[in-house]
Amino acid sequence: MTYKITQLTQENAVEIADKWHYDGQYAFYDMTADPEDYEEIVTPKLRQNSYYQVLADDKLIGFFVIEPADENQGSYELGLGMKPNLTYVHKRFISDWALYQLKSTSKKQIIRVILLLK
């Protein structure tokens, strides 16, 4: 399996926002459950360059967003999302990769990870 991480495309942002739905108590993570989250992911100007997509063999399996949590302290918030039917298949890859990228930067950072995965 070949993994690729790139900026989130508009097409995939809309797929995540409109088609990714989680069951039961995890429905909270549906983008449609929070109008502000929905608008941010589907609007390129709001999304800026903070959202990334994870592809496995060129198929969308997940995404993550990195945003400043406290600009004065140089800390960042990392949010992860996984395609609902794959939540346990590729979870480890996305979390390990994202944390590696943040740890490998030259700045010391405090990272607060919010897992949007089951």
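Look up a bit, the structure's there.
Residues numbered from 1 in each chain as written. Predicted model: local features only at pLDDT ≥ 70, side-chain atom pairs only at ≥ 80, totals over all residues. Heavy atoms only, no water.

The next thing to look at is the pairing of strand β4 (residues 75-82). Of all the eight residues making up β4, six are buried; the element is thus mostly covered by neighbouring parts of the structure. Bridge count for strand β3 (residues 59-70) against β4 is eight bridges, and the pairing is antiparallel. Directly across from Pro 68, in β4, lies its bridge partner Tyr 76. (Buried < 20%, exposed > 50% of the residue type's maximum accessible area, 1.4 Å probe, protein only. Helix = DSSP H or I, 4+ residues; strand = E, 2+ residues; numbered from the N terminus. Pairing = 2+ DSSP bridges.)

With 14 residues, the main nonpolar core has Leu 8, Ile 16, Trp 20, Met 31, Ile 41, Tyr 51 and Phe 63 as its most contacted residues. Put simply, the parts of the chain that give this core at least two residues each are α1 (10-19), α2 (35-42), β2 (51-56) and β3. If we skip the residues at most four places from it in the chain, Met 31 touches Ile 16, Ala 17, Asp 37, Tyr 38, Ile 41 and Phe 63. By size, the runner-up hydrophobic cluster in this structure holds eight residues, among which are Val 54, Ile 61, Phe 64 and Leu 78. (Core = buried A, V, L, I, M, F, W, Y, C linked by side-chain atoms within 4.5 Å. Contact = heavy atoms within 4.5 Å.)

The next subject is α1. Three or more residues of α1 are buried, namely Asn 12, Ala 13, Ile 16 and Ala 17. Buried residues of α1, viewed axially, fall in a sector of 135°; they line one side. In α1, the exposed positions that point more than 90 degrees away from the buried face belong to Glu 11 and Lys 19. At its buried positions, α1 is contacted by α2, α3 (44-47), β2 and β3. (Arc of directions from axis to C-beta.)

At a minimum axis separation of 8 Å, α1 and α2 run at an interaxial angle of 160°. Classed by the angle they form, the pair α1 and α2 counts as roughly antiparallel. Seen along the crossing, α1 lies across α2 with a hand that is left-handed. Facing Gln 10, Ala 13, Val 14, Ile 16, Ala 17 and Asp 18 of α1, the residues of α2 in contact are Tyr 38, Ile 41 and Val 42. By residue class, the composition of the contact of α1 with α2 is seven nonpolar, one polar and one charged. (Axes fitted to C-alpha atoms, helices over the stretch in contact; angles between N-to-C directions. Parallel < 35°, antiparallel > 145°, perpendicular 65-115°, else oblique. Left-handed = near helix turned anticlockwise from the far one by under 90°. Nonpolar A, V, L, I, M, F, W, Y, C, P; charged D, E, K, R; others polar.)

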